[in-house]
Amino acid sequence: MTLPSLNENNVIRILLALSQYPILSRRIRHKMRKVLFARGITTRESFDEEARRKAIESQAREGLHNPYEEERADVWEDRLHRVRDSLTDFYFAYNLPYSEFEDLVRGMLAERGRENIEFIWFNPELAPQDMLFEQAEMIEDMPLLEGEKYKARLQELKAVLIRTMISDQLKYIRIARKWFTVDDLKEIRMRKIGGGKIGGKAAGMLLALRILKETAAPELRERFKIPVSYYLGSDVFYNFLTFNDLMHWNDQKYKTEEQMRVDYPALFKEFSNGQFPDEIIEGLEKILVEASDRPLIVRSSSLLEDNFGTSFAGKYESIFLPNQGGYEVRLAALVQAISNIYASVLNPNALMYRHHKELADYDERIGILIQIVEGERFGKYYFPHAAGVAFSRNLYRWSPQIKQDEGFLRLVWGMGTRAVDMVADDYPRLVALSHPRLHSSSDVRTIKRYSQQSLDAIDIEKNEFVTIPAHDVLNADYPPLRYIAQVMDEGYLAPIRSRLASTEKMVITFDGLLSRTPFAASMRAALKLLEEHYGSPVDTEFTAEILNPDDQPDVRISILQCRPQSHIQESSDVQIPHDLQEENIIFSSQSMVPQGAVEGISHVLFVPSKAYFSLASQDERTQLERAISQLNVALKDETFIAVGPGRWGTSTPDLGVHIAYGDIYNARALVELAGDEIGASPEPSFGTHFFQDLMEANIYPLGVFLDEPNTIFARDFFNATPNRLSEFISVENPRVAAALKLIAVDDFRPSAFMNLVMDSNKSRAVAFLITPEKPKEEDNSADE
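So, here's what we can say about the structure. (Residues numbered from 1 in each chain as written. Predicted model: local features only at pLDDT ≥ 70, side-chain atom pairs only at ≥ 80, totals over all residues. Heavy atoms only, no water.)

Negative phi values dominate among residues other than glycine, just as trans dominates among peptide bonds. You will see that Asn463, though not glycine, has its phi angle at about 60 degrees, which is positive. A positive phi angle is found at Ser763, which is not glycine, with a value near 50 degrees. Residue Ser763 is classed as buried on the basis of its relative accessible area of 15%. (Buried < 20%, exposed > 50% of the residue type's maximum accessible area, 1.4 Å probe, protein only.)

On to the packing of aromatic side chains, then. For the structure on display, the rule yields 24 aromatic pairs. On the basis of an interplanar angle of 90 degrees and a centroid distance of 5.4 Å, the ring pair of Phe383 and Trp413 is categorised as edge-to-face. Of this pair, Phe383 sits in strand 8 (residues 381–383) while Trp413 sits in the loop between strand 10 (408–412) and helix 18 (417–420), and the two are 30 residues apart along the sequence. Classification of Phe383 by relative accessible area gives buried; the value is 1%. Take Trp413: its relative accessible area is 0%, and that puts it in the buried class. With 5.1 Å between their ring centres and 80 degrees between their planes, Phe717 and Phe718 make a pair best called edge-to-face. (Phe/Tyr/Trp six-rings, centres within 6.5 Å; stacked < 30°, edge-to-face > 60°. Helix = DSSP H or I, 4+ residues; strand = E, 2+ residues; numbered from the N terminus.)

With that settled, the discussion passes to the packing of helix 6 (residues 129–141) against helix 10 (residues 182–190). Put simply, helix 6 and helix 10 touch, their axes get as near as 10 Å, and they point 150 degrees apart. Viewed along their axes, helix 6 and helix 10 adopt a mutual orientation that is roughly antiparallel. Crossing angle aside, the handedness with which helix 6 passes helix 10 is left-handed. Counted together, Gln129, Asp130, Phe133, Ala136, Glu137 and Glu140 of helix 6 and Val182, Asp183, Leu185, Lys186 and Arg189 of helix 10 form the full contact between these two elements. (Axes fitted to C-alpha atoms, helices over the stretch in contact; angles between N-to-C directions. Parallel < 35°, antiparallel > 145°, perpendicular 65-115°, else oblique. Left-handed = near helix turned anticlockwise from the far one by under 90°. Contact = heavy atoms within 4.5 Å.)

Our focus in this paragraph is the pattern of salt bridges. Applying the stated criterion to the full structure yields 36 salt bridges. Residues Arg210 and Asp184 are paired through a salt bridge, measuring 2.8 Å at the closest nitrogen-oxygen approach. One end of the pair, Arg210, is in helix 11 (residues 200–215); the other, Asp184, is in helix 10, with 26 residues separating them in the sequence. By the burial criterion, Arg210 is buried, and Asp184 matches it. In this structure, Glu187 engages Arg191 in a salt bridge whose closest nitrogen and oxygen atoms are separated by 2.7 Å. Judged by relative accessible area, Glu187 falls into the buried class, the value being 18%. Residue Arg191 is classed as buried on the basis of its relative accessible area of 10%. Here the salt bridges do not stand alone but share partners, grouping Arg29, Arg33, Asp85 and Asp89 into one network. (Salt bridge = Lys/Arg side-chain N within 4 Å of Asp/Glu carboxyl O.)

Okay, the nonpolar core next. Ranked by size, the top nonpolar core spans 87 residues in total, and within it Ile166, Trp413 and Phe519 carry the most contacts. Per-element accounting of this core gives the leading share, nine residues, to helix 11. Ignoring any residue separated from it by four or fewer positions in sequence, one finds Trp413 in contact with Phe383, Pro384, His385, Gln452, Leu455, Ala470, Val473, Leu474, Tyr478, Ile484, Ile508 and Phe510. Listed in part, the 43 residues of the second largest apolar core include Leu232, Met260, Tyr264 and Ile372. (Core = buried A, V, L, I, M, F, W, Y, C linked by side-chain atoms within 4.5 Å.)

Once that is clear, we can look at empty space enclosed by the protein. A complete count under the given rule lists seven cavities of 30 Å³ or more for this structure. Estimated volume of the second largest cavity: approximately 80 Å³. Counting only elements with at least two residues in the lining of the second largest cavity, the list comes to helix 13 (235–243) and helix 17 (348–356). Of the residues assigned to the lining of the second largest cavity, the class counts are six nonpolar, one polar and four charged. (1 Å grid on protein atoms, 1.4 Å probe; cavity = no way out; pocket = protein on both sides within 12 Å on 5 of 7 lines; lining within 4 Å. Points joined across faces, edges and corners; volume = space filled by probe spheres on them. Nonpolar A, V, L, I, M, F, W, Y, C, P; charged D, E, K, R; others polar.)

Three or more residues of helix 13 are buried, namely Val236, Phe237, Phe240 and Leu241. Looking straight down helix 13, one finds that the buried residues subtend no more than 145 degrees of arc, so they occupy a single side. Close packing links the buried residues of helix 13 with strand 1 (192–193), strand 3 (229–232), helix 14 (257–272), helix 15 (278–291), helix 16 (327–344) and strand 6 (366–372). Phi turns positive, to about 55 degrees, at Asp245, one or two residues after helix 13. (Arc of directions from axis to C-beta.)

Take the side chain of Gln371 next. In this fold, Gln371 is placed in strand 6. Of the residues examined, Gln371 reaches a relative accessible area of 2% and is grouped as buried. A polar contact is formed between the side chain of Gln371 and the side chain of Arg299, at a distance of 3.1 Å. With residues near it in sequence (within four places) discarded, Gln371 still touches Met205, Pro227, Val228, Ser229, Pro295, Leu296, Ile297 and Arg299. (Polar contact = N/O pair within 3.5 Å; in protein donor to acceptor, adjacent residues only side chain to side chain.)

Our next topic: the sheet that holds strand 17 (residues 538–547). The sheet built from six strands is open, its strands ordered 2-18-17-9-10-11 with mixed pairing. In this open sheet, the two edge strands, each paired with only one partner strand, are strand 2 (224–225) and strand 11 (429–432). One ladder, built from five bridges, connects strand 9 (residues 386–391) with strand 10; its direction is antiparallel. When the bridges of strand 10 are listed, Ala387 appears paired with Val412. Contacting strand 2, strand 9, strand 10, strand 17 and strand 18 (554–564), helix 22 (residues 519–534) runs over the sheet at an angle of about 150 degrees to strand 17. (Pairing = 2+ DSSP bridges.)

So, in structure tokens, the structure goes:
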């Protein structure tokens, strides 16, 4: 190839001629940029910022007014790449002698014949990220046969980039390096503020989408996306501590639990007053500009979160920001939210969880995930059509026909907070994906009673996150109404066919969404793919949008996070004895039974419903929580279960015992009593954040529904036995002491212990007494 004489008009022609060698032309531009940066003609930061700005301007010229949502990521990357090339050509042509460009091109062409001359070997563990990206891009751009020679090198480069930018969890890296492209990693880098990793929550979300985009059928993959997201690197956490003189709090994890709890209010106050360096504020300002007035959610994304065996579900804060008002107001709210989440890293429940998982010594810097909230405005409220949590394995079946391996959903209208938290007197729709329309009860009145009653949303006018009665928002003008609710008339649930239907008779069931759209089938297929490629059951959080509700309905599903599903190690050979006598049975259950057994139970921690609901104040209930926590520690060497009214772990004490995982982690099972005499709900904690903790710790949750005709509940065992509480802990308040009873099994029957056997295949659980046989005395008469 002969080079024409170099002048201002032919630089572009030379580079176009070299475009037939894509690897070479990219290498030339890399070298050109290095020269530009080394000579101080421009800096890397200002060059990248100018390229990004010009790329957005080119979008505007094409009529794209929301550049981060109206253009696919791969199209954006191609646009940005072309703008960078154009800027490189411009700066070089107008600032350096043509002879220098000529020498660079001639040198590259002369070297091209040497084997591997374009490939430089270096240690990726020590190299700067720019160098890793350049070489990884070069390999991905190689012709197929040439690229095969460097396939292992590309895996190595991606592994290092994933470990330095996303997560250092080895199981995650092993999966992620097979799926992420260099463009995926560049997109993360472009949207990251500060140094360090983006953390587990962001990592799981991004990996799930990439797996679905690569493995799902075209129609399915088009239904899934992730929200517009930004990442605050984990190093910013330590920068925040140093900048605000907060490092003296960093040893909280080595203090006693009591001291942690005493310190936390002062710690939280100091963190809440924290500020950020100017360079971080500049990054947050850019997010606010790009988000405009759309609501945001600020979420924790710790380095340990959503990992195999340690989900950290609900341990750290997530904060919704309506993002309304003036710029200063919005920025202050964003800074405050991040500061509060940083404080939650050191909250006692999170620290105790880390101790129980033997992770206290791990350096727990935390990333922050900032996302534009999925949803739309209806009236003055902003919320999604549907949201919830999905599991690829259905661990709790309420009917034998339900298939365990086809998945399970907790589905709500509005924000997904009502699906993952146990809140007030309210209930999500439980969906077995093998039989999406099968309710957990066949009685219409029961379905209505235990349907969703309230809606979590953002009030745009009041600029706050609110919980409102669902019937205040249900409206005939709401486009997806018939997919969300049904109308109850003359004892039957029927589809909404008229705009004149009374909203007071509407029941949120999602039967329309589950039967008339591809939502259930899409979730089932996606969960199967994710489980297959994770090599483990998974759980995800999601939102769903109903498209074309008046014509041919479809759905668009946003993945908010994805992690390995917490589950108890099941025993396949569990069998309930056939010859059990009723006098030996302490309690039984026939609904939503897990698979497993707890043997050799010596004690039962029991909260009597009458005494519990008679506690006079929230202070007394808090005293009860602390007493349960102390008893949990005192019983660490005993095999015990806990039995109480309503929902263990609820955020609403009127519905059950408000405890955290850190208060009950030594128990082997949590039994939730429900029924009219208890005044508590029959919908247990399955699928909530608290439920995740139980699964990880191999603590069985079990509901006992006292109103069911086949249920056995031996009241004498719970009411007539002595209280051994004072032998383990001291409780001064007599009303609190009356609400907490410790039963020694052998007080009810001398020498006996209790076994709890749960058979999910037969949907039956039984707790029964075993009395060991006394060894026979030896017969010595013959010797005499």
